[in-house]
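Secondary and tertiary structure notes
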Amino acid sequence: MSDEVTRTEELTVGIDLGTSNSVVAIVRDGEPVVLADEAGNRTHPSVVAFGYGSATVVGHRARQQLTYAPENTVYSAKRLIGRRYSSEVVERMKRMVSWGITEGPHGDARIRVQGKVWAVPEVSARVLSHMKEIAEHATGGKVGSAVITVPAYFNDHQRQATRDAAAIAGLKVLRIINEPTAAALAYGFGRERRQHVAVYDLGGGTFDMTVLRMEPGIYEVLSTSGDTFLGGDDFDAAIADWLRAQVEKQHSIDLSDNHTARTKLRDAAERAKIALSALPAVEIRVPSLARDKQGHGIAVHTRIDRMQALELVMPLIQRTFVVVDDALSQAGLSTAQIDAVLLVGGMTRFPAVAEAVGRYFGKEPVGSINPDEVVAVGAAIQAHSLAQGFDPEAAVLLDVTPQTLGVGTVGGFVEPLIPRNTAIPTDASKVFHTAQDNQTEVRIKVFQGESRMQADNELLGHFVLDGLRPAPRGECRVKVTFSIDADGIVHVAAIDQESGRAQEITIEASSNLSREEVQKMKFADLGF
Ligand code: AMP
């Protein structure tokens, strides 16, 4: 292929849109490569700094702004994507971040910076756009489409919102794939051996465990399990709590309501945690943490070694194995049947985590993969094969739905329709009938989650089947089909059994953006 052709060609990239960092990769001359920015960085903070008129700064430059204008600098937006304002995660986030979180028109959580409110996909779109620019700069080509990765445990709203972010950034999404599946694709590239692979993915905020069967050309996910409240942040919090207890005891004060002091302690805790991955012991210094009752400044100066840190975080490491057990039992496999264990996510750089995984499986995790880059590499491999159209050499990916899809029933219960760990794409149907005489509409609520109680699951939305013939109860029957596509996104269709009329269904009360809103948010319309 000549240089000229490459330059004008539309490129397809793989993007790992991470909570802390994002990575972009492509397949060039048959080999996946991670693309670096002008400064040679291969990973880029998923941070967006506002304060430049309508423009924003993203990545490393934005991260620098975090120290002097934290209220204008948005990080960890991924934790909020697709979340309802009323959710527990949002409450936790409000205590954690320096920028504002507010309720959007769909009950969705939105980001408030400098008095302006942004939908979360608008902010993520800026990160995606930055990845696109890096790829275009590195290759001289034009990026048209991408495979974007999401945590295996993302529900429909989170996946849909990620798609919206791509649309706002002007990227065509070829496929949304799960991060652990992408890691397995990268690991399996060029390996022909049939094997069972376990992917242990511990990031900043979430933990996912996925079991796959790899055969030449086929990657089949057998099970996936996760905990959306377990990640590096919890490790930081455990160390920060230990630090806080020391300071409070020594100075007889209570810092529980001191937001600034707690943020400083958490930052110090994270730095210490990362340093402990390389060193046996580290010093922790926070020069001006707070003031004591007499108004004197309090400084922290202490030391922590690996043993002490391990004691603090051991319960968290142990919690990951509850999830690992669940994933293995769902796959019907024992640890002895796992041929390779892959570590993904920044937190797996913590030696105690990697050692615990090794002990549990009775084998060393694969050492040759880069936990920060492997997901983007897998996304690039998948993007390349999808862009080829039909490619007999391309790997087939068979993924599963991570959460049960069900409908609400009387008494606040949920009836499961598509159980978790079902291979996708898939569909299931249910016939609904009227419960009262002359009832002309039926309202149906759709939930995702493992609980039998509605209140403990994510409400994806509800819709109304209307225009039914007035008739004695039970006579009108409507068949509703719920399907989950290859991106893990839920679709609903309905057919009136009597007339054969297909009902147009729009899910209401969903926190997702409408098509019109996405259109309006596109950068071109914002004067980008
Ligand atoms: P990720 O979401 O995969 O980017 O992972 C981010 C998490 O990994 C954060 O909690 C980081 O503090 C943590 N992390 C990154 N590097 C290290 C390291 N070298 N040692 C321990 N934890 C790390």
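Just so we're clear, the structure is a prediction, and the values are computed from it rather than from any experiment. (Residues numbered from 1 in each chain as written. Predicted model: local features only at pLDDT ≥ 70, side-chain atom pairs only at ≥ 80, totals over all residues. Heavy atoms only, no water.)

**Here we look at the overall build of the protein**
Counting secondary structure elements, the protein contains twelve helices and 28 strands. For the protein, the C-alpha radius of gyration of 24 Å lies close to 24 Å, the compact-globule estimate for 528 residues. With the C-alpha coordinates of the protein rotated into their principal frame, the extents come out at 80 × 60 × 55 Å. By residue count, 54% of the 528 residues in the protein fall in the buried class. Considering only contacts within the protein whose residues lie at least 6 apart along the sequence, 65% involve residues at least 24 apart. (Helix = DSSP H or I, 4+ residues; strand = E, 2+ residues; numbered from the N terminus. Rg over C-alpha atoms; globule rule 2.2 N^0.38 Å. Buried < 20%, exposed > 50% of the residue type's maximum accessible area, 1.4 Å probe, protein only. Contact = heavy atoms within 4.5 Å.)

**A few points about the pattern of salt bridges**
When charged atoms on two side chains of opposite charge get close, those side chains can pair. Tallied over the entire structure, the rule returns 22 salt bridges. Among the salt bridges present, the one from glutamate 373 reaches arginine 42, with a minimum N-O distance of 2.7 Å. One end of the pair, glutamate 373, is in the loop between helix H10 (351–361) and helix H11 (374–387); the other, arginine 42, is in the loop between strand E3 (31–34) and strand E4 (44–45), and 331 residues separate them in sequence. Residue glutamate 517 pairs with arginine 110 through a salt bridge whose shortest N-O separation is 3.9 Å. Linking glutamate 517 in helix H12 (residues 515–521) with arginine 110 in strand E9 (residues 109–113), this pair joins segments that are 407 residues apart in sequence. (Salt bridge = Lys/Arg side-chain N within 4 Å of Asp/Glu carboxyl O.)

**As for the sheet that holds strand E28 (residues 502–503)**
In a beta sheet, neighbouring strands pair by backbone hydrogen bonds and run either parallel or antiparallel. Strand order in the open sheet formed by four strands is E23-E26-E27-E28, with antiparallel pairing between adjacent strands. Each of the sheet's edge strands pairs with one partner strand only, and the pair in question is strand E23 (426–433) and E28. Direction of pairing for strand E27 (residues 490–496) relative to E28: antiparallel, over a ladder of two bridges. Each residue of the ladder has a partner; that of alanine 494, found in E28, is glutamine 503. (Pairing = 2+ DSSP bridges.)

**As for helix H4 (residues 120–139)**
Its 20 residues give H4 an end-to-end C-alpha distance of 29 Å, which sits within 8% of 28 Å, the value for a rise of 1.5 Å per residue. One or two steps after H4, the chain reaches glycine 140, where phi turns positive at roughly 80 degrees. (Expected span 1.5 Å × (residues − 1).)

**A closer look at the site of the ligand**
As a structural note, the neighbourhood of the ligand is formed by Ser20, Gly203, Gly204, Gly232, Glu270, Lys273, Ile274, Ser277, Gly345, Gly346, Met347 and Arg349. At 3.0 Å, a backbone N or O of glycine 204 approaches an oxygen atom of the ligand. For the ligand, whose unbound accessible area comes to 500 Å², protein coverage reaches 81%. Tallying contributions element by element places helix H8 (residues 259–276) first for the shell around the ligand, with three residues. For the shell around the ligand, a count of residues per class yields two nonpolar, seven polar and three charged. Counting residues domain by domain, the shell around the ligand receives three or more from each of domain 1 (10–229 + 325–399) and domain 2 (232–311). (Near = heavy atom within 4 Å. Polar contact = N/O pair within 3.5 Å; in protein donor to acceptor, adjacent residues only side chain to side chain. Areas by Shrake-Rupley, 256 points an atom, 1.4 Å probe, with all protein chains shown as cover. Nonpolar A, V, L, I, M, F, W, Y, C, P; charged D, E, K, R; others polar. Domains from an automatic or database assignment.)

**Quick notes on the sheet that holds strand E8 (residues 100–103)**
If you walk across this open sheet you meet the three strands as E8-E9-E10, and the pairing is antiparallel. At either margin of the open sheet sits one strand with a lone partner, and together these are E8 and strand E10 (116–119). Adjacent strand axes in the sheet meet at a mean angle of 40 degrees when their direction is disregarded. The sheet contact formed by E8 and E9 spans four bridges and is antiparallel. (Axes fitted to C-alpha atoms, helices over the stretch in contact; angles between N-to-C directions.)

**Regarding the pairing of E27**
Residues Val490, Val492, Ala494 and Asp496 of E27 are buried on one face, while the alternating residues His491, Ala493 and Ile495, pointing to the opposite face, are not. Pairing between strand E26 (residues 477–484) and E27: seven bridges, direction antiparallel. Residue serine 483 lies in a different strand from E27, and its bridge partner there is histidine 491. Connecting E26 to the next strand, E27, in antiparallel fashion are five residues, including glycine 488 with a positive phi near 85 degrees. Between E27 and the antiparallel strand that follows it, E28, lie five residues; glycine 500 among them carries a positive phi value of about 75 degrees.

**Describing the side chain of threonine 404**
Topologically, threonine 404 is positioned in the loop between strand E19 (396–400) and strand E20 (405–409). When its relative accessible area of 11% is taken as the criterion, threonine 404 is described as buried. Looking at threonine 404, its side chain comes within polar contact range of the main-chain nitrogen of arginine 420, at 3.1 Å. With residues near it in sequence (within four places) discarded, threonine 404 still touches Pro416, Ile418, Pro419, Arg420, Phe447, Gln448, Gly449 and Glu450.

**Considering the packing of aromatic side chains**
Summed over the entire model, instances satisfying the criterion amount to seven aromatic pairs. Plain terms: the ring middles of phenylalanine 321 and tyrosine 360 are 4.8 Å apart, the flat faces sit at 20 degrees to each other, and that makes the pair stacked. With a gap of 39 residues between them, phenylalanine 321 in helix H9 (residues 306–331) and tyrosine 360 in helix H10 connect regions that are remote in the sequence. Tyrosine 360 sits in the partly exposed class, given a relative accessible area of 25%. Judged by centre distance (5.1 Å) and plane angle (70 degrees), the rings of tyrosine 360 and phenylalanine 361 are edge-to-face. Among the residues examined, phenylalanine 361 registers a relative accessible area of 4% and is labelled buried. Three or more aromatic residues link up through ring pairs in this structure, and these residues are Tyr200, Phe207, Phe321, Tyr360 and Phe361. Directly above the aromatic system of phenylalanine 432 lies the positively charged group of lysine 430, at a separation of 5.4 Å from the ring centroid. (Phe/Tyr/Trp six-rings, centres within 6.5 Å; stacked < 30°, edge-to-face > 60°. Lys NZ or Arg CZ within 6 Å of the ring centre and 35° of its normal.)

**A look at the pairing of strand E21 (residues 413–418)**
Bridge count between E20 and E21: five bridges; the pairing is antiparallel. In the strand pairing of E21, leucine 405 is matched with isoleucine 418. Linking two consecutive strands that pair antiparallel, namely E20 and E21, is a turn of three residues; a positive phi of about 85 degrees is found at glycine 411 within it.

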